[in-house]
Amino acid sequence: MKFNSKQYTIILLLILVVQIAGICLFGVQKAGFHQDEYYSYFSTNRSLGFYYPDREWVDTDVIENEFTVQKGEGFNYGLVHQVQSWDVHPPFFYDLLHTVCSITPGVFSKWQGITVNLLAFIISFVLLEKLAKSIGMSRGLRIALMFAYGFNPMTISCVLFIRMYMWLTVFILASAYLHLKLISLIKKYYSGNELKGFVLAKPFDTKFKKGFAGYVAGICLVSLFGFLTQYYYLIFMVTMGLSFSIWFLFLMPKNRRKKRQTGDNENNTNPITIESILGDEEFVMQAASMAERFKYIVVYCAGAVVSLVAAVGIYPAALSHIFRGYRGKEAADAFSDMSNILDRFGFFFGLADDYLFSGMLWIVIVMIVIALIALFFLLRVKGEKDKLHIAHIRILTVAALGYFLIVAKTALLLGDTSNRYEMPIYPIVLLLSAYFTRIGIRAIVGNRSFLDMQIPVLVTFILFLTIILKGIVIDQNVLFLYPEDAGRIAYAKEMDGKGAAAVVMYNDATPDNIWRLTDELLEYDELYYVSEANTKALEDEKLAAADKVVIYAADHDNRDAILKALEEKRTDLGDLREVYNKEMWTQYVME
């Protein structure tokens, strides 16, 4: 089915609106927070900082204030940058979150973070569509891709995870798009294509120089914000930059090289000499062209350096984060350890298979293999328009694959939540998968149509629809929802309503782990803090008079001794009963 421009735009808008609604529906179901999401709010909006007393009561309003912007403390980006400098992250995402929280002072809500990420999703939707168009995808195939992107469980998860990865996706897609536009500009000055080779058709004129400078400036701006969003952007920046530079530098006519190799084999009595090379007018012209291209590559590289220098100028802590911070050292150690390559690659490949492709990656791989064979050997496929975009596809593939492998080698291994590190490259993975899947299907069934729709495009859409339905409905692969927290929060609210005393026994070595319980703890009016490093008896009038005692106890060698002492002191209550266990915390109740 062919769509005119207006029809195509309306369909895309409808898809986008429905996808936003779907993400919001999952947002409603998000019942809890990952500990890093709590950190997003705290490090963005903190006021005085957390205080962890021992054997003292703390009003929960004091705790909540550290996650919200208080009146008169809004739009304080200097504080945001300072707090981030104490950790290992750049500040741009936190600036955005702080802005939304400043507009809604006194509020601590998941919707503040989801709103920030929804904006990034909309931008990424537009960029991915433009990226697909730049590699020659038809409107029908682009519709299939955009449907697959916004409804994919990993895209939804990335929006719901209130961290910087959705915005990192934006800048990676923007960088990829600008690079492909730059490649298209360069190819306008050459005759030929990737199959037959290129010959410089006209000199690089003023128009080219302005266009090249404009795209480089755009890439620099994107790189500035990408670096200030997540340091992993550097990986994509380097892999994409190397891929582009090598392609541009060695843009030589393949047919001439083949001709010279053939001539050499036929006439071995006339070996190539310096004199013969210098006397070859065409060779000299190509060498001069390469020298000129090298100058442009130097300009491109200089732009990249300028963007990084500007980023460090804006945020000087970046250097210490990368070279001296604990995450930088962990990443360097992981990268240099060659003993775990297969395990790490297998782990992240498995995550992509399970969560991005719902266990159906093997089908996509088969289609890609068929497509590659067809592009090389089947005449009816070999000459199709897709072949004119080999440089775009090759560079995009190398950059995405380079990012995926380097991140897989250096990222933290945190179970299914480690998807976060590869999520920014997943849209490009989907794009390449859809691109080659259509070609593979075309190689099998031809370019036939059904109900005025091309069968290869229709089957590609059906395949990705199946992946989405399986991932959302059957596998339930949307992450970061924490539905189990809903019951725990309701229980805390119920116990507070019954006048229960809430005790938080924390490990003094890791007191910040109290963040993991924030949603539950905020349901109480006040909390009794206990350091488990101190085995002193719990002597407190409120605690002694409470009809019910709810205890949140962190893992610690002294935990059981303190609990036993409390149980012996409150013999008027029932036995200590475990309610649940959650990531280094166990909840008990005495009533």
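In case you missed it, the structure is sitting above this.
For the structure given in this document, a descriptive report is provided here.

Notes on the overall build of the protein
In terms of regular secondary structure, the protein is built from 27 helices and 10 strands. Dimensions of the protein along its principal axes, counting C-alpha atoms only, are 105 × 55 × 50 Å. Pairs at least 24 residues apart make up 80% of the contacts formed inside the protein by residues separated by at least 6 positions. Surface accessibility of the protein: about 26700 Å² in total, with carbon and sulfur atoms responsible for 63%. For the protein, the distance from the average position of its 56 positive side-chain charges to the average position of its 59 negative side-chain charges is 18 Å.

Focus: the pattern of salt bridges
Applying the stated rule across the entire model yields 17 salt bridges. The residue Asp485 makes a salt bridge to Lys582 at a minimum N-O spacing of 3.7 Å. In this pair, Asp485 sits in helix H24 (residues 484–497) while Lys582 sits in strand S9 (residues 577–582), placing the two residues 97 residues apart along the sequence. Residue classification places Asp485 among the buried residues on the basis of a relative accessible area of 5%.

Topic: the packing of aromatic side chains
To describe a pair of aromatic rings, you give the distance between the ring centres and the angle between the ring planes. With the rule as written, the count across this model stands at 51 aromatic pairs. For the pair Tyr39 and Trp515, a centre-to-centre distance of 5.6 Å together with 35° between the ring planes defines the contact as tilted. Residue Tyr39 is found in helix H2 (residues 35–45), and its partner Trp515 is found in the loop between strand S6 (501–506) and helix H25 (518–521); the two are separated by 476 residues along the sequence. On the basis of relative accessible area, Tyr39 is assigned to the buried category, the value being 13%.

As for the sheet that holds strand S8 (residues 549–554)
Strand pairing in a sheet relies on backbone hydrogen bonds, with the paired strands running either antiparallel or parallel. One open sheet accounts for six strands, arranged S1-S7-S6-S8-S10-S9; its pairing is mixed. One side of each edge strand has no neighbouring strand; the edge strands of this open sheet are strand S1 (56–59) and S9. Across the sheet, the axes of successive neighbouring strands diverge by a mean angle of 25°, strand direction being ignored. The pairing of S6 with S8 spans five bridges and is parallel. Its bridge partner lying in S8, Ala501 is registered against Val549. Contacts between H24 and the sheet are confined to S8, S9 and strand S10 (585–590), with S9 contributing the most and set at about 140° to the helix.

Quick notes on unusual backbone geometry
Here the phi dihedral of Phe75 falls at roughly 55°; this positive angle occurs in a residue that is not glycine. With respect to the helices and strands, the residue Phe75 is situated in the loop between helix H3 (60–65) and helix H4 (77–85). Phe75 sits in the partly exposed class, given a relative accessible area of 45%. Within the chain, Phe480 stands out as a residue other than glycine whose phi angle is a positive 65°. Here Phe480 lies in the loop between helix H23 (455–474) and H24.

Things to note about the nonpolar core
Within the largest apolar cluster, 168 residues are counted, with the highest numbers of intra-cluster contacts made by Leu131, Ile428 and Leu431. Residue contributions to this core peak at 17 residues, all from helix H9 (residues 165–187). With near-sequence residues (within four places) excluded, Leu131 lies in contact with Leu173, Ala176, Tyr177, Leu180, Leu396, Ile428 and Leu431. Counting residues in each nonpolar core, the second largest holds 17 residues, with Ala501, Val503, Leu563 and Met590 among its members.

The rules behind these values
- Residues numbered from 1 in each chain as written.
- Predicted model: local features only at pLDDT ≥ 70, side-chain atom pairs only at ≥ 80, totals over all residues.
- Heavy atoms only, no water.
- Helix = DSSP H or I, 4+ residues; strand = E, 2+ residues; numbered from the N terminus.
- Contact = heavy atoms within 4.5 Å.
- Areas by Shrake-Rupley, 256 points an atom, 1.4 Å probe, with all protein chains shown as cover.
- Lys, Arg positive; Asp, Glu negative; His and termini not counted.
- Charge placed at Lys NZ, Arg CZ, Asp CG, Glu CD.
- Salt bridge = Lys/Arg side-chain N within 4 Å of Asp/Glu carboxyl O.
- Buried < 20%, exposed > 50% of the residue type's maximum accessible area, 1.4 Å probe, protein only.
- Phe/Tyr/Trp six-rings, centres within 6.5 Å; stacked < 30°, edge-to-face > 60°.
- Pairing = 2+ DSSP bridges.
- Axes fitted to C-alpha atoms, helices over the stretch in contact; angles between N-to-C directions.
- Core = buried A, V, L, I, M, F, W, Y, C linked by side-chain atoms within 4.5 Å.

Remember that the coordinates give geometry; whether it matters functionally is a separate question.
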